[in-house]
Amino acid sequence: MGGTPASPGEYPAQGWLLVDIDPTPGFDAECGGTLVASRWFLTAAHCVVGASAFTVLLGDTDVTEPNTDWYGVVGAQVNSAYNEISQQNDVAMLKLSRPAPYQPLRVIGPNESSSWAAGTVARIIGWGTTEEGGNTSDVLLKADVPIVADSSCANAYALHAPPVDPNTMVCAGDGVHDTCQGDSGGPLMVRDAAGNWVLAGITSWGEGCARPEFPGVYTRLGSPALNAWVAAHYPRASFTVGAANSGAPTNFTSTSFHPEPNGFVSFMWDFNGDGVYRDGAGATTSWVFADGGPHTVGLEAFSAPGDSQFVRQVVNVNWSPMVDAGPQRSVPEGGRIVLRASGSDREGQPLTYSWDLDGKPPEFDYKTPGPNPTYSAARFDGPAKRAISLQACDPVGACSRDSGVVRITNVRPRVNAGPNRRVKRGTKVRFRVRASDPGPDRLTATWRFGDRTRPVRGFAVRHVFRRSGRYKVKVRVVDDDKGARTDTLIVRVKR
Ligand code: ARG
């Protein structure tokens, strides 16, 4: 009552439910109802109890003929807690004979009570009577009514039999706009947090229609028990998302529910947001998002070819860090260098660096913490190349890696031939070279005495000078990488 015509397509989930309640064949009662999944139609229990046949018209606002999109009903489930006398738990689910191609209406969740707090303007629709005791409407009508506080509704119906039960009923009305006979089973809708209509109540009963002292009474779908009953009686697609970091696989798992055994038989996914559910298949799958930021992901759960439920959800993908181990570095064998990590994070999160310096891919363990560790080439033998790897992790646990190479260069030995000498001609002179190598190289020493004798190998050698004079004695020490150094001493030989 007090409504205005709805536009075609404005309430795609709204259906016109015709019921056969008397012994003669033919439909003789009218209700409303809401498509909550492709084959599942939620209505009032009092529209279903005692009826022998149903038919549902969808996709039409004007119910005068011709009507085309009729649906048979192949199953009816009435809430076993429905009380015909008190009208508590006035809810039933009908299963349609074939999937309907209209956008279902989301049923409110048990944690969304703020969306239907007292005073909230709710929307009611239906083809019910436009006056108490009057005629039903041929066109779908819509009207807005404020949700009435439980206490005022209880007061309004205090002397009424049956009274209102705030656990299973919620009231709405302003004395001008109301549902009325023929609207039962239809929706009481409120806006959810995202601004979309959501099904919060089912038109159930009232004392007269649009009477200022008596608000309309609706099945309270937000109550935990009623919400659980509804949730257990229609199929829904849903999924959970694992850690989502750019450049790494993100795992998706269907948590879809179907009230019938083996209800869902296959699952298809849309990961690139194009609305085509062909990017993945199966109840669990994974996808690599190249970029961070928000991505819309969809899951379509099929109970049969052509009969599916879908859900779309925004997944916020964390940007994985960018990391750079820097250009190739050189370090002399036995020496050390300080490494320099650089990295950045698109979200500006601080990064934690760790290195693997023992060069054994693929079992990198990143045991060396910090951005600037010292790389020690002690006991390393150059020339050689060793692999290192740098890892940067953001606080969410997304890590990126870059590998690098350290070039170990060979270092020539250190050589000390000892002090200059003065000796007598014809005596044995002992020479000893002190040599060392920063690497693990083996060294060889070769002496040349400057008197045309043959070179002699050894670290400690003897030599006899036959003639007096001044000799330049050279010792050359060579490592096994051909790194060499020579030291010289002067020997003065007297007669
Ligand atoms: N029981 C009615 C029906 O079957 C709905 C009554 C709603 N009454 C009200 N005052 N809001 O259609």
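Every chain is numbered independently, its residues counted from 1 as its sequence is written. Residue-level local features of this predicted model are given only where pLDDT is at least 70; pairs of side-chain atoms are given and counted only at 80 or more, and the full residue set underlies all totals for whole chains, interfaces and linings. Neither water nor hydrogens contribute to the side-chain values; these are computed over all heavy atoms in the structure.

Caption draft 1: Local environment of the domain arrangement of the protein chain. Structurally, the protein chain comprises domain 1 (1–233), domain 2 (239–317), domain 3 (322–409) and domain 4 (414–494). Throughout the structure description, domain borders are defined by an automatic or database domain assignment. A straight line from the C-alpha centre of domain 1 to that of domain 2 covers 32 Å. Contact definition: two residues touch when any of their heavy atoms are within 4.5 Å. Contact with domain 1, which involves ten residues of that partner, is made by nine residues of domain 2. What counts as buried area is the accessible surface, traced by a 1.4 Å probe, that two parts surrender upon association, with contributions from both included. Counting each side, the surface lost to burial between domain 1 and domain 2 is near 610 Å², with a carbon and sulfur contribution of 48%. By convention in these notes, a salt bridge is any Lys or Arg side-chain nitrogen within 4 Å of a carboxyl oxygen on Asp or Glu. At the boundary of domain 1 with domain 2, the tally comes to two salt bridges. Between E260 and K95 there is a salt bridge whose closest N-O contact spans 2.6 Å. As used in this structure description, the phrase polar contact means that two N or O atoms lie within 3.5 Å; if the pair is within protein, one of them must be able to donate a hydrogen and the other to accept it, and residues adjacent in sequence are counted only when both atoms belong to side chains. Inspection of the domain 1/domain 2 interface yields three residue pairs in polar contact (both at pLDDT 80 or more). Broken down by class, the residue content of the side of domain 1 that touches domain 2 amounts to five nonpolar, three polar and two charged. Residues are grouped as follows: Ala, Val, Leu, Ile, Met, Phe, Trp, Tyr, Cys and Pro are nonpolar; Asp, Glu, Lys and Arg are charged; all remaining types, including Gly, are polar.

Caption draft 2: The site of the ligand, seen in detail. Near residues are defined by distance, with any heavy atom within 4 Å of the molecule or strand qualifying the residue. In the neighbourhood of the ligand, 14 residues make up the surrounding shell, with D178, T179, G182, S184 and G208 lying closest. Here G208 contributes a backbone N or O atom positioned 2.8 Å from a nitrogen atom of the ligand. For the accessible areas, the method is Shrake-Rupley and the probe is 1.4 Å, while residue cover comes only from the protein chains on display. Considered on its own, the ligand offers 350 Å² of accessible surface; in the complex 91% of this is hidden by protein. Across the shell around the ligand, the residue classes break down as three nonpolar, nine polar and two charged.

Caption draft 3: Focus on the state of the cysteines. Cysteine sulfur atoms are paired as a disulfide whenever they come within 2.5 Å of each other. Taken as a whole, this structure holds four disulfides when the rule is applied. Disulfide pairing is shown between C31 and C47; the S-S distance is 2.0 Å. In this structure, the disulfide formed by C31 and C47 twists by about -85 degrees around the S-S bond and is classed as left-handed. Taken together, the residues C31 in strand β3 (residues 29–37) and C47 in the loop between β4 (40–43) and β5 (53–58) connect sequence positions 16 residues apart. Type-normalised accessible area, obtained with a 1.4 Å probe on protein chains alone, sets the label of each residue: buried when under 20%, exposed when over 50%, and partly exposed for intermediate values. The buried category is assigned to C31, whose relative accessible area is 6%. Taking the relative accessible area as the measure of exposure, C47 reaches 3% and is therefore buried. In this model C393 forms its disulfide with C399; the gap between the sulfur atoms is 2.0 Å. Handedness here is read from the sign of the S-S torsion; for C393 and C399, about 105 degrees, the answer is right-handed. A residue is classified by how much of its surface remains accessible, and C399, at 36% relative accessible area, is partly exposed. Secondary structure elements are defined from DSSP: runs of H or I of at least 4 residues count as helices, runs of E of at least 2 residues count as strands, and each element is numbered from the N terminus.

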